[in-house]
Amino acid sequence: MKADAIKLDGASAGSVDLDDAIFGLEPRADILHRVVRWQRARTQQGTHSTLGRSEVSYSTKKIYRQKGTGGARHGSKGAPIFRHGGTYKGPTPRSHEHELTKKFRKLGLKHALSAKQKAGELVVLDSIETEGKTSVLAKQVANLGWKRALVIDAAAINEGFAQAARNIANLDVLPSMGANVYDILRSDTLVLTKAAVEALEARLK
């Protein structure tokens with residue numbers, strides 16, 4: 001399929017061919033959900049922890065004799081039945097990461113790109129070469145009407161653009177290898193340079 005390309009000042013920069021196998025799929029929410037869940041699980045810290053019966057700070061002395069009190073039989077005060085006692089089978093530090101095949105992750109990225117293309121939220125830029133001034137870039141972004149944009153460049157990001165974009169709210173910049181489903185879906189506008197389109201098509205073949 002054909003897509004129009006523009007420059008940072010909004011002027012036309014011709015058109016670019018987009019691979020239908022990457023940008024023309026019918027987006028599937030179930031695939032996108034699984035990939036996003038996999039991504040978020042990898043970033044979850046998993047530092048939740050509780051003290052068990054053997055870890056609470058209590059004496060292990062039997063609290064009263066076994067028989068003759070009329071009460072139930074008890075041993076340590078650190079038993080889970082008592083207030084401030086240990087937690088029974090509470091959470092322990094662990095990794096929440098789970099496996100997802102490379103083939104499925106690739107498919108998820110294709111569906112994310114296709115979803116943006118179908119929604120009309122995909123913009124192709126000729127290049128992102130700029131003089132490195134935040135004020136100039138902020139004005140250009142405002143004129144283009146980008147609210148929350150993700151800009152994806154080739155393998156190496158243009159240094160001037162990265163420096164100018166660093167202090168602009170809701171403008172994120174990633175290299176082509178950093179393109180991921182979660183960041184693509186949470187952006188209102190996905191901006192790809194021509195070099196990024198080539199790099200993504202080579203990566204997802």
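Not measured: the values here are computed from a predicted model.

It is worth spelling out the pairing of strand E4 (residues 149-152) at this point. Along E4, one buried face is formed by Ala149 and Val151 and the opposite face, lined by Leu150 and Ile152, is buried too. Where E4 lies against strand E5 (residues 171-174), four bridges are found, and the strand directions are parallel. Across the sheet, residue Ala149 finds its bridge partner in E5, namely Leu171. Relative to strand E6 (residues 189-193), E4 runs parallel, the two being bridged by four bridges. Of the residues in E6, the one forming a bridge with Val151 is Val191.

Here we take up unusual backbone geometry. Even without a glycine there, the phi angle at Lys89 is positive, about 50 degrees. Note that Lys89 resides in the loop between helix H2 (29-43) and helix H3 (102-118). A relative accessible area of 70% places Lys89 in the exposed class.

One pass over the full model with this rule turns up zero aromatic pairs. Directly above the aromatic system of Tyr182 lies the positively charged group of Arg40, at a separation of 4.4 Å from the ring centroid. Here the basic side chain of Lys77 rests over the ring of Phe82, its NZ or CZ set 4.8 Å away from the ring centre.

Looking now at the environment of Gln163. Summarising the element assignment, Gln163 is placed in helix H5 (residues 159-165). When its relative accessible area of 48% is taken as the criterion, Gln163 is described as partly exposed.

Among the five residues in E6, five count as buried, and that is most of the element. Side chains Thr189, Val191 and Thr193 project from E6 onto one buried face, and the interleaved Leu190 and Leu192 project onto a second face that is buried too. The sheet contact formed by strand E3 (residues 122-125) and E6 spans four bridges and is parallel. For Val123, the partnering residue across the bridge sits in E6 and is Val191.

On to the pattern of salt bridges. For the structure on display, the rule yields seven salt bridges. In this structure, the salt-bridge partner of Asp30 is Arg28, at a minimum N-O distance of 2.6 Å. Here Asp126 makes a salt bridge to Lys194, at a shortest N to O gap of 3.4 Å. Of this pair, Asp126 sits in the loop between E3 and helix H4 (134-144) while Lys194 sits in helix H7 (residues 194-203), and the two are 68 residues apart along the sequence. For Asp126, a relative accessible area of 31% gives the class partly exposed.

Leu113, Ile152, Ile184, Leu190 and Leu192 are the most contacted members of the largest nonpolar core, which totals 31 residues. With five residues, the single largest contributor to this core is H2. Excluding residues that lie within four positions of it along the chain, Ile184 makes contacts with Leu109, Ala112, Leu113, Lys116, Leu150, Ile152 and Leu190. If you look at the next biggest cluster of nonpolar residues, it comprises 15 residues, including Leu137, Val141, Trp146 and Ala164.

Secondary-structure assignment places Phe161 in helix H5. Exposure remark for Phe161: the relative accessible area of 0% places this residue in the buried category. Between the C-alpha atom of Phe161 and that of Val173, which follows or precedes it by twelve residues, the distance is 8.7 Å. Other than its neighbours up to four places away in sequence, Phe161 contacts Leu8, Ile128, Thr130, Leu137, Val151 and Val173.

Conventions we followed
Residues numbered from 1 in each chain as written. Predicted model: local features only at pLDDT ≥ 70, side-chain atom pairs only at ≥ 80, totals over all residues. Heavy atoms only, no water. Buried < 20%, exposed > 50% of the residue type's maximum accessible area, 1.4 Å probe, protein only. Helix = DSSP H or I, 4+ residues; strand = E, 2+ residues; numbered from the N terminus. Pairing = 2+ DSSP bridges. Phe/Tyr/Trp six-rings, centres within 6.5 Å; stacked < 30°, edge-to-face > 60°. Lys NZ or Arg CZ within 6 Å of the ring centre and 35° of its normal. Salt bridge = Lys/Arg side-chain N within 4 Å of Asp/Glu carboxyl O. Core = buried A, V, L, I, M, F, W, Y, C linked by side-chain atoms within 4.5 Å. Contact = heavy atoms within 4.5 Å.

Any link to function would need more than the numbers given here.
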